[in-house]
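# Remarks on the overall topology
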Amino acid sequence: MASAEDLLIFAGAASKPPAEKVAKLFSQQNHLAVRITFGGSGFVLSQMKLSRQGDVYFPGSSDFMEKAKRENLVYPETEKIVAYLIPAINVQKGNPRNIHSLRDLLKPGLRLAIADPESVCVGTYAAEVIEKNLQPEEKEQFRKNLVNTVESCEKTANVISLKGADAVIGWRVFGNWDAERIETVLLKPEEVPRIGYIPAAVSRFTRHMALAKQFVDFLVSPPSQSMFRRYGYLMSLQEARRYTLPDTPVGGEYTLPAAWKRKGGL
Amino acid sequence: MITLQNLYLRVGTFRIDNLNLDLQEKQIHVLLGPTGSGKTLVLESIIGLRRFQGGRILIGGKEVQNLPPEKREISYVPQDLALFPHLTVRENLLYGLRAQNKARNGTDSHLNRLIDTLRIGHLLARYPHGLSGGEKQRVALGRALAPAPKLLLLDEPLAALDPALKSEIQQLLLSLHRSLQFTALHVTHDLDEAYLLGDAVTVLIEGKVEQEGRKEEVFLRPHTVPVAQFLGLRNLVPGRVLKIDERERRISVSFWGGEITIPADHAARNLIYGEEVILYLRPEEVLILREGKPIKESLRQNILTGEVVRILDRGTQHWVFFRPLGVDSQLEIHLPNYVFRNLALQEGQKIQVAMRKESFWVIPVLIPKPPA
Amino acid sequence: MNFGKTAIYAALALFLFYAVLILSLLSFFEGKNFLTVLLAPDVLFSIQVSVLAATVAMFLAIAIGLPAAYALSRLNFPGKKVVDTFLELPMIMSPIALGAALLIFFNTRVGSTIQEKGILFVFEFPGIVLAQFATIAGLATRLMKTALDEISPRYEAVARSLGSSAWDAFWKITFPLSLRGLLSAMILCWAKAVGEFGATVTLAGTMAFKTETMPTAIFMALASADIPKTITLILILAGIGLTALYAVRLVEKRPPGR
């Protein structure tokens with residue numbers, strides 16, 4: 001329970017490595033406790049919603065922030081962009097299956113995985129990558145190779161670390177998370193449908209408005225940025241655009257086609 | 001003939017060493033001993049439920065110790081009878097016949113005769129839980145005897161029964177045995193039961209066979225001190241062999257500061273000079289001398305003077321506890337009531353007692369015979 | 001307070017605790033949505049997958065658990081205590097740990113050979129069965145051992161002396177007598193398998209229409225912040241569970257041949 005002198009942050013796992021460090025820094029500088037609970041962005045949103053607690057919501061992508069804004073769970077005017085994310089292909093270190101492009105994923109016999117498109121940010125992005133770049137027969141082939149979906153961002157990276165699949169469509173930054181086991185294969189600039197970003201905003205359940213705002217501001221301050229950069233995150237739009245076309249949209253929400261949703265059948 | 005040869009068995013710290021047992025066919029052989037003496041272990045070894053480290057088991061000359069229990073044709077009746085609760089009485093009875101493929105279609109005359117003898121014909125459709133104690137005993141016996149086993153093993157089956165039922169089933173066992181002539185090994189710690197049922201008795205104490213033979217032999221002439229103690233014999237008096245007269249076949253033994261000469265065949269085995277022994281003096285055979293009455297010559301040597309310490313009324317008998325002069329122990333004397341009344345004894349009274357030399361039985365302390 | 005009364009109150013309090021949890025779900029409940037959610041193809045599929053996988057896992061657990069239980073109950077063998085202890089391992093290992101261990105196993109040479117030459121487990125239906133089996137096998141063995149312990153070994157001893165082989169003595173005597181206990185062990189394990197989440201999701205993934213079990217579906221609904229769907233799925237799972245567990249009570253009431 002957020003009390004007089006501490007903050008409760010609900011965070012998506014996409015930013016876990018640097019976020020922990022940044023929170024510690026903030027806590028030391030301001031002499032108060034900062035507690036972060038990590039999980040799937042949607043999962044922690046449910047927790048925040050049901051417990052009616054929390055000072056800051058810090059999901060792994062814009063999709064869930066849009067949802068939070070729609071459900072009036074955050075103060076939209078306090079939203080800031082903390083870092084940018086680029087979807088990419090992640091493979092096992094050494095690239096044993098020789099995957100160098102999106103279409104290489106269609107080779108018969110490959111085992112592919114993505115995060116669950118309905119509940120995990122990076123999964124939604126993966127779906128969009130497929131939908132916007134492949135022809136119907138190619139999508140078929142991709143579906144054939146897609147052996148499973150996983151329940152979280154970090155699980156998507158783990159799938160490669162534990163060799164559960166030959167390749168996943170994840171974030172570019174996964175390669176930095178486990179450099180010994182994960183290698184990133186970049187998509188072509190025109191293949192990136194959207195630049196993702198990691199947003200943060202003050203939760204409507206906060207009891208420390210000023211302090212929460214301070215934290216969000218801290219997230220975009222230079223010390224925080226350099227921490228994120230050290231972990232391989234992209235800190236500015238320019239940096240992000242190096243991997244995409246100049247007019248690639250940033251953030252927003254992608255509506256999953258029915259084929260990717262449970263009700264319609266996968 | 002069923003034989004146990006040189007059985008060697010070790011369980012934890014308990015050992016059975018070199019045990020031999022011979023069971024005559026058509027006899028009820030009793031394995032008698034206190035609790036914890038190893039009777040159940042021997043039983044389990046014979047059935048085939050317990051591994052042993054050495055020895056052989058022979059049935060009719062054929063070695064069976066490497067056969068599994070189901071091939072030995074030995075029926076087992078445990079203490080709690082273990083009637084199969086989910087089968088009817090009929091199915092219980094037929095179990096052995098079916099398992100050994102001896103069941104013939106329709107009636108089996110041996111089984112029917114058994115059912116008649118046991119008077120359980122009217123119970124066939126019932127389940128074990130609906131039977132009385134006595135009925136359960138009968139069914140258990142019927143089930144065990146139905147496949148005409150080579151050996152019937154009874155593990156204290158009557159131990160938990162109340163006296164009336166126990167007596168009834170003991171009689172039933174005897175009459176069954178008379179008519180069916182099966183071979184049985186009956187394990188018990190009950191002395192009366194052993195005497196009643198046993199044609200031959202083996203006494204097992206702490207894993208050792210202390211004595212075996214006909215029941216009269218065992219009960220009246222125990223060979224070792226453990227057997228005497230197990231039988232609960234009173235008047236066990238320590239003594240020492242003073243003299244051995246080979247020609248007259250007599251031995252002289254000292255006890256309680258006195259000396260007695262008895263026939264050599266009243267000893268459990270040949271004794272040697274100086275050996276420690278235990279004298280057993282039967283309580284029924286101690287004579288209390290009446291004042292004034294003449295004493296037979298044969299008794300005159302074996303008179304003890306002393307005091308009546310206590311008198312116990314035991315219903316059909318009176319027990320008189322007598323302490324000889326200068327001795328710290330007591331003799332127990334059992335008197336029929338009419339004798340007691342004639343004597344008009346009182347506690348504290350000074351009396352004299354006499355013992356016939358034939359009333360003594362000498363048990364050596366060491367087994368086997370110590371080196372000369 | 002009198003001891004008997006206190007004991008009863010404790011039992012009632014426990015019941016109330018769980019009842020209140022279920023009731024609080026109903027506070028979020030939207031009746032009309034219930035059927036829509038229940039009949040949605042992905043939900044029907046996860047019910048099917050859960051029930052099928054749990055049933056297969058249960059039979060596998062019984063197949064190996066029953067002989068193991070017999071050995072632990074009746075026989076002595078070197079290392080018995082060690083084996084006994086290991087059976088309790090899944091209870092301490094968190095399900096995720098179990099799932100991760102399985103995932104890592106399939107990374108080893110032996111594991112990957114099994115997947116190449118035999119069956120695929122990772123992210124496949126057999127993985128669900130394996131994860132559930134791993135979770136319940138130890139428990140199944142323990143419960144069945146207890147059921148067997150209740151039957152005196154004397155029955156088998158007598159049966160063998162009457163001519164039955166060890167096999168026959170077991171099947172004809174001990175097994176029928178312990179059937180009640182064995183059946184309730186089976187149903188309990190089935191229920192536990194249906195409810196298994198951590199190991200399943202780690203090893204078999206979460207793909208709808210492939211490896212999404214009921215507990216996984218609940219988690220995924222919560223992960224998409226879809227509270228009404230979450231609640232409906234919880235109620236469905238609770239319903240399946242309560243029905244199964246009540247069946248245990250009924251089985252216990254009807255003994256064979258008594």
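Structure's up top.
Here's a quick rundown of the structure.

Reading the values: rules and limits
- Residues numbered from 1 in each chain as written.
- Chains lettered and ligands numbered in written order.
- Predicted model: local features only at pLDDT ≥ 70, side-chain atom pairs only at ≥ 80, totals over all residues.
- Helix = DSSP H or I, 4+ residues; strand = E, 2+ residues; numbered from the N terminus.
- Rg over C-alpha atoms; globule rule 2.2 N^0.38 Å.
- Buried ≥ 20, exposed ≤ 12 C-beta atoms within 10 Å, placed from the backbone.
- Contact = placed C-beta atoms within 7 Å.
- Pairing = 2+ DSSP bridges.
- Axes fitted to C-alpha atoms, helices over the stretch in contact; angles between N-to-C directions.
- Nonpolar A, V, L, I, M, F, W, Y, C, P; charged D, E, K, R; others polar.
- Core = buried A, V, L, I, M, F, W, Y, C linked by C-beta atoms within 7 Å.
- Domains from an automatic or database assignment.

So, on to the overall build of chain A. Along its length, chain A carries ten helices and ten strands. Taking 266 residues into account, the globule formula puts the C-alpha radius of gyration at 18 Å, and chain A, at 18 Å, falls close to it. Projecting the C-alpha coordinates of chain A onto the three principal axes gives extents of approximately 60 × 40 × 35 Å. Looking at chain A as a whole, 51% of its 266 residues are labelled buried. Residue pairs at least 24 apart in sequence account for 79% of intrachain contacts in chain A once pairs closer than 6 positions are excluded.

The pairing of strands in a sheet comes from backbone hydrogen bonds and takes either a parallel or an antiparallel form. Residues and elements named next belong to chain A. Sheet architecture is open: five strands sit in the order β7-β6-β8-β5-β9, paired in mixed fashion. Two strands close off the open sheet at either side, each with one partner strand: β7 (146-150) and β9 (182-185). Across the sheet, the mean angle from the axis of one strand to that of its neighbour is 35 degrees, orientation sign disregarded. Bridge analysis of strand β5 (residues 87-92) against β9 gives four bridges, and the strand direction is antiparallel. Across the sheet, residue Val91 finds its bridge partner in β9, namely Glu183. Docked against the sheet, helix α4 (residues 121-133) engages β5, β6 (112-115), β7 and β8 (167-171), running at close to 125 degrees with respect to β6. Helix α6 (residues 153-161) rests against β5, β6, β7, β8 and β9 of the sheet, and its axis sits at about 145 degrees to β8.

Quick look at the interface of chain B and chain C now. Facing 20 residues of chain B, the contacting portion of chain C comprises 18 residues. Broken down by secondary-structure element, the contributors of at least two residues to the side of chain B that touches chain C are β6 (74-77) and α2 (89-99) of chain B. Residue classes in the side of chain B that touches chain C are distributed as 13 nonpolar, five polar and two charged.

Residue and element names in this part refer to chain A. In space, the five strands of this open sheet follow the order β2-β1-β3-β10-β4, with mixed pairing throughout. Each edge of the open sheet carries a strand with a single partner, namely β2 (33-39) and β4 (80-85). Within this sheet the neighbouring strands show an average axis-to-axis angle of 20 degrees, counted without direction. Pairing analysis gives seven bridges linking strand β1 (residues 6-12) to β2, with the strands arranged parallel. When the bridges of β2 are listed, Leu8 appears paired with Arg35. Lying on the sheet, helix α1 (residues 16-30) is in contact with β1, β2 and β3 (56-58); it crosses β2 at an angle near 165 degrees. The strands that helix α2 (residues 41-51) touches are β1, β2 and β3; relative to β1, the one it contacts most, it runs at about 140 degrees.

A general feature of soluble globular proteins is that nonpolar side chains tend to end up buried together. With 144 residues, the main nonpolar core has Val56, Tyr57 and Ala113 of chain A together with Met58, Ile136, Ala140 and Cys189 of chain C as its most contacted residues. Here the element with the most residues in this core is helix α8 (residues 125-149) of chain C; it accounts for 14 residues. Domain assignment of the residues forming this core places at least three in each of domain 1 (6-84 + 197-241) and domain 2 (87-193) of chain A.

Turning next to the interface of chain C and chain A. Contact with chain C, which involves 23 residues of that partner, is made by 23 residues of chain A. Counting residues per element, the ones that place at least two in the side of chain C that touches chain A are α3 (41-74), α6 (95-105) and α12 (214-223) of chain C. By residue number, the principal contributor to the side of chain C that touches chain A is α12 of chain C, which donates four residues. Its residues assigned to classes, the side of chain C that touches chain A comprises 16 nonpolar, five polar and two charged.

Another point: the pairing of strand β20 (residues 360-364) of chain B. Residues and elements named next belong to chain B. Counting buried residues along β20, five of its five residues qualify, which places the element largely inside the surrounding structure. Of the two faces of β20, both are covered, the one formed by Phe360, Val362 and Pro364 as well as the one formed by Trp361 and Ile363. By the bridge criterion, five bridges tie strand β14 (residues 276-281) to β20 in an arrangement that is antiparallel. Its bridge partner lying in β20, Leu281 is registered against Phe360.

This paragraph deals with the pairing of strand β12 (residues 250-255) of chain B. Residue and element names in this part refer to chain B. Of the two faces of β12, only the one carrying Ile251, Val253 and Phe255 is buried; Arg250, Ser252 and Ser254 on the other face are not. Judged from the six bridges that link them, strand β11 (residues 236-245) and β12 form a sheet pairing that is antiparallel. Paired with Lys243 across the bridge in β12 is Ser252. The turn joining β11 and β12, which pair antiparallel and follow one another in sequence, is formed by four residues; a positive phi near 55 degrees is taken by Arg249.

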